[in-house]
Amino acid sequence: MDFNDTKEEAKFRKKCRDWLEKNATPKEDSTPQNDDFANKDKMKAAKAWQKKKYDAGWAMLHWPKEYGGIGASSMERIIWANEESKFDVPKGIFEIGLGMCGPVMMEYATEEQKERYLPPMAEGKEIWCQLFSEPSAGSDVAGLRSKAVQKGDKWIINGQKVWTSGAHFSDYGILVVRHDPNMEKHKGMTFFFVDMKSPGIEVKPIKQITGGSSFNEVYFTDVEIPDSQRLGEIGDGWKVAITTLMNERLAVGDAGGADVEDAFRWAKTQDNLGEPLLNNKAARESIADWYCEKSGLKNTKLRTMSALSRGDTPGPEASITKIVSAGKLQNIGNFGIDSLDMAGMLRTDNADVKGFQNAWLGAPGMRIAGGTDEILRNIIAERVLGLPQDPRADKGVAFKDIPSGNS
Amino acid sequence: MNLDFSDDQKFLQEEARKFLEKENALLRNRTVLENQSYFDQELWSKIVELGWTGIRVPEEFGGLGLGHLELCVIAEELGRFLAPVPFSSSVYLFTEAVIKYGSEEMKKSLLPKLVSGDIVGTLAVTEDLFAPSKENIALAYDSGKINGKKIAVPDASIATHALVVAKSSDGISLQIADLSDQGVSIEHQENIDESRGHFSIIFNDVKTEGIGDEISGWDIYESIINQAAVLFAYEQIGGSQASLDMAVNYAKERYAFGRPIGSYQAIKHKLADMYIALTLAKSNCYYAAWALSTDSADLPSASATARVSAIKAYQLCSQENIQTHGGNGFTWEYDCHMFYRRSKLLSLNLGSLSNWREKLVTSLEQSNIN
C-alpha cells in the first residue's frame with residue numbers, strides 16, 4: 001500500500017501541473033464556486049478556458065487524437081482532473097456534453113459526424129444537452145411519450161422534455177423518443193441528436209426551490225430531424241440511452257457544498273447556550289459520523305483509482321458515492337442552520353450561514369438528480385448484490401396499454 | 001497510488017479463508033457457545049501451527065517478521081468465521097504491546113513463547129460497570145506488585161499472562177502479570193457472547209514486570225488500543241460481510257406472497273444500506289491499515305475513523321441480518337445471533353462507539369482538519 005504515483009504517473013502529473021501553472025491561477029480556498037452561465041462574461045470565460053485546453057490537448061484527453069484528444073488512460077484522466085481542480089478555472093458548463101453526449105456520439109455516430117461534431121464539442125465552441133426525462137417519465141425514464149413519426153428521410157418530433165440542464169444555451173442535444181407506442185415499452189424507442197436551433201423547439205427555464213434555474217422544460221412542436229441524425233437502429237433507443245445513463249452514473253459523483261470541515265470550523269466558534277457548539281456532545285457525535293462518511297467516500301475513490309492504476313476494472317464500490325454525499329449534505333445543512341436557533345431563518349451575508357442554507361436548499365435536488373436515493377438503492381441491490389427485480393406491470397405489454405394513472 | 005493489498009497478502013487471506021472454512025470455524029463457534037467452553041483449543045493449536053501468532057514477531061524471536069497488513073487480512077477472515085480463539089487478546093493487544101513497548105529482555109523471554117502458544121496474553125483494564133479512564137483506575141501498583149480487581153477480561157481462562165492497567169503513585173503504569181501466580185484468582189463471568197469467555201481476576205500481591213515507565217501508562221495504553229482498533233475493525237468488516245452475505249442469500253431463497261422477499265424494495269433497500277455501511281467501513285479500514293503499517297502520524301484519527309465506521313457497519317449488518325431472516329433469525333438454530341453477539345463483543349472490547357466518536361473528534365481538534 002502506498003499513495004505515491006508510479007514513475008509514469010508522476011511524470012504525467014508534472015506535465016499537467018506545468019501547463020496549468022503557466023495557464024491558470026491556483027485556487028485560494030476550496031469553496032466551490034457557483035457558476036452562473038446566464039452571465040455572458042462567465043460563459044465567455046468558460047469557453048475561452050475550454051478552447052485553451054483544447055488547443056493544448058487537455059480538453060478531452062482520453063479521446064483519440066483525430067477528435068482532439070491525446071488518447072490518455074483513465075488514470076491519466078483522473079490525474080488531470082485532480083490537478084485542474086486545484087486551479088481557479090470555470091467548471092460545470094461542458095460536463096453534460098462531454099460526459100454523456102460525447103461518448104454516445106463516439107459509439108453510434110458515423111465517421112463523418114464524429115469529425116464534424118466531436119472537435120467543436122471538445123473545444124467548447126458548441127454546447128450539448130441531454131433530452132431524456134419527461135413530465136411522466138422520471139425514475140422510469142423508459143416511460144417517455146414524446147413521439148417521433150417517420151416522414152420520408154425525416155422524423156417529425158412532438159412532445160415535451162424536462163430537467164434539461166443547460167438547454168437554454170445549448171447548440172445540440174441528444175434525444176430519445178417513442179416511434180411506436182404499439183410495441184413493448186423498451187422496444188418502441190429511437191435515439192437522435194438534434195440541432196437546438198431547429199424551428200419548433202421552445203425552451204422554458206424551471207425555477208427551483210433554491211430560486212435558481214439550471215434546468216429547463218423543452219417543448220417540441222413538429223420539429224424535423226433528418227434520419228441521418230439517428231443514433232443506432234430504429235427501435236434501439238433504449239439500448240443507446242443506457243450507454244448514456246451508465247456514463248451519467250460515472251459523472252454524477254460527490255454532492256458538492258458544505259461539508260464536515262465547514263461544520264467543524266463553524267462549531268468551534270458558534271455560541272451554544274454560552275459555550276462553543278463543539279462542546280456539545282450531540283454536535284460532536286454528528287461531526288464524527290460525517291467525518292467517517294467523508295473519509296469513507298474519499299478512501300473508496302482511492303480504491304477505485306488503485307484498480308485503474310493497475311489497469312484493472314474497479315469494483316462496484318463507487319456506486320455508494322452520491323447516496324452518501326447527498327444525505328450528508330442535507331444533514332450538515334440542517335446542523336448549521338439549526339445552530340443559529342431562530343436566527344437560522346434569516347438570509348445573511350455570512351458565508352458559512354449561506355453555505356449551510358444553500359446545502360439545505362440544494363440537497364433535496366442532489367438526492368433526486370441522476371438517480372434518486374431509492375433508484376440507487378435498487379441498483380445496488382440488483383446489480384451489486386444480485387437480488388431479483390420487482391415483478392413489473394409494464395413487461396410484455398404494448399406501451400399504450402401500460403397503466404399510467406392520470407399524469 | 002495503490003490503496004490495496006499485495007498479491008501475496010491476498011493469497012495469505014485466501015489461504016486463511018480456506019483453512020477456516022475447512023475447519024468449520026463457524027460450527028466450532030456454536031459448539032463453544034453451547035458448551036460454555038470459552039474457546040476452541042484444537043482450532044487455536046492449529047492457528048499457532050500455521051504461524052499466525054507470530055506474523056508480526058521479528059524472526060530473531062521466532063516469528064515470521066511480516067507487517068501489520070498481513071495481520072489485517074488474517075483478522076478479516078477470523079471475523080468472517082467468528083473463530084472462537086483468543087487471537088485478538090493475545091496477538092492484537094498483548095503481543096503488539098510487547099513488540100512496541102517491551103524491553104529487549106522482555107521480548108526475548110516473551111515473544112518466542114507467544115509465537116509458540118506457550119504464552120497466551122490478554123488485556124485487563126475494566127474495573128466496574130463504566131468505562132475505564134485515567135482517573136478511575138484503582139488497581140494499585142507499588143514496588144513491583146499489584147493489588148486489586150479487574151472484570152470483563154476476555155479469554156482469561158486460556159491466558160497465561162495479562163497486561164494490567166494499574167495506578168502507580170505517579171500516574172498510570174502498565175504491568176505484566178503471570179496468571180499462574182498464587183495471588184491470582186480467576187472467575188468466569190456470564191456474558192452475552194459465551195463463545196469468548198469473560199472473567200474477573202483478583203490480584204493479591206502479584207509480582208509484575210512493567211512495560212514503559214510508571215507515569216505515562218495511559219498514553220501507552222491509548223497507543224496500544226489505537227493500533228488494535230484497526231485490527232478489530234478488520235474482524236468487524238469480516239463479520240459484517242458474512243452477515244450481509246447471509247441476508248442476501250436468504251432474501252433470494254425465501255418466498256413470501258409468491259415471490260422472493262429480496263424482490264421487495266423494503267428488503268432491497270435494507271440490504272443496500274448494509275452494503276453502503278460496509279463499503280464505507282471497508283474503505284476506511286484500508287486507509288487505517290496503511291496508517292498502521294507505516295506508523296503514520298494520522299494513525300489516531302485513521303484508526304478511530306475505521307473503528308467508528310466498522311462498529312456501525314457490524315451493528316447494522318448483524319441486526320438487520322436477523323430482521324431479514326424474520327422469525328428464523330430469532331431462533332438459536334440459525335447462525336444470525338452468533339454474529340449479533342460477536343458484533344457487540346468486538347464493539348465493546350476497546351471501548352464503546354460513543355467513546356470512539358469522542359476520540360475521533362478529539363483527534364480532529366488536535367490535528368485541526370481544516
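Residues numbered from 1 in each chain as written. Chains lettered and ligands numbered in written order. Predicted model: local features only at pLDDT ≥ 70, side-chain atom pairs only at ≥ 80, totals over all residues.

When its secondary structure is counted, chain A shows 11 helices and 9 strands. Compactness check: chain A gives a C-alpha radius of gyration of 23 Å against a globular reference of 22 Å for 407 residues, within 12% of the reference. Each of the 407 residues in chain A was classed as buried or not, and the buried ones make up 39%. In chain A, of all internal contacts separated by at least 6 residues, the share reaching a separation of at least 24 is 69%. (Helix = DSSP H or I, 4+ residues; strand = E, 2+ residues; numbered from the N terminus. Rg over C-alpha atoms; globule rule 2.2 N^0.38 Å. Buried ≥ 20, exposed ≤ 12 C-beta atoms within 10 Å, placed from the backbone. Contact = placed C-beta atoms within 7 Å.)

On to the domain arrangement of chain B. Residues and elements named next belong to chain B. Here the domain parsing of chain B yields domain 1 (7–116), domain 2 (121–215) and domain 3 (218–367). Look at where the C-alpha atoms of domain 1 and domain 2 centre, and you get two points 22 Å apart. Those elements that provide at least two residues to the side of domain 1 that touches domain 2 are α2 (25–35), α5 (87–101) and α6 (104–116). With 7 residues, the top contributor of residues to the side of domain 1 that touches domain 2 is α5. A breakdown of the residues in the side of domain 1 that touches domain 2 according to their chemical character gives 13 nonpolar, 6 polar and no charged. (Domains from an automatic or database assignment. Nonpolar A, V, L, I, M, F, W, Y, C, P; charged D, E, K, R; others polar.)

Now for helix α7 (residues 217–253) of chain B. Note: α-helices contain 3.6 residues per turn, so residues at a spacing of three or four share the same orientation. Residues and elements named next belong to chain B. Here α7 contains 37 residues, and its C-alpha end-to-end distance of 53 Å stays within 8% of the 54 Å for a straight helix at 1.5 Å per residue. Approximately 25 degrees is the largest bend angle found in α7, and it occurs at Ala229. Of all 37 residues making up α7, 29 are buried, and the element is well covered by its neighbours. (Expected span 1.5 Å × (residues − 1). Bend = angle between axes of the 7 residues up to and from the residue.)

Residue and element names in this part refer to chain B. Taken N-terminus to C-terminus, the directions of helix α4 (residues 68–80) and helix α8 (residues 265–293) make an angle of 145 degrees; their axes are 9 Å apart at the nearest point. Contact with α4, carried on its side by His68, Leu69 and Cys72, involves Ala289, Leu292 and Ser293 of α8 and no other residues of that element. In terms of residue class, the contact of α4 with α8 is made up of 4 nonpolar, 2 polar and no charged. (Axes fitted to C-alpha atoms, helices over the stretch in contact; angles between N-to-C directions.)

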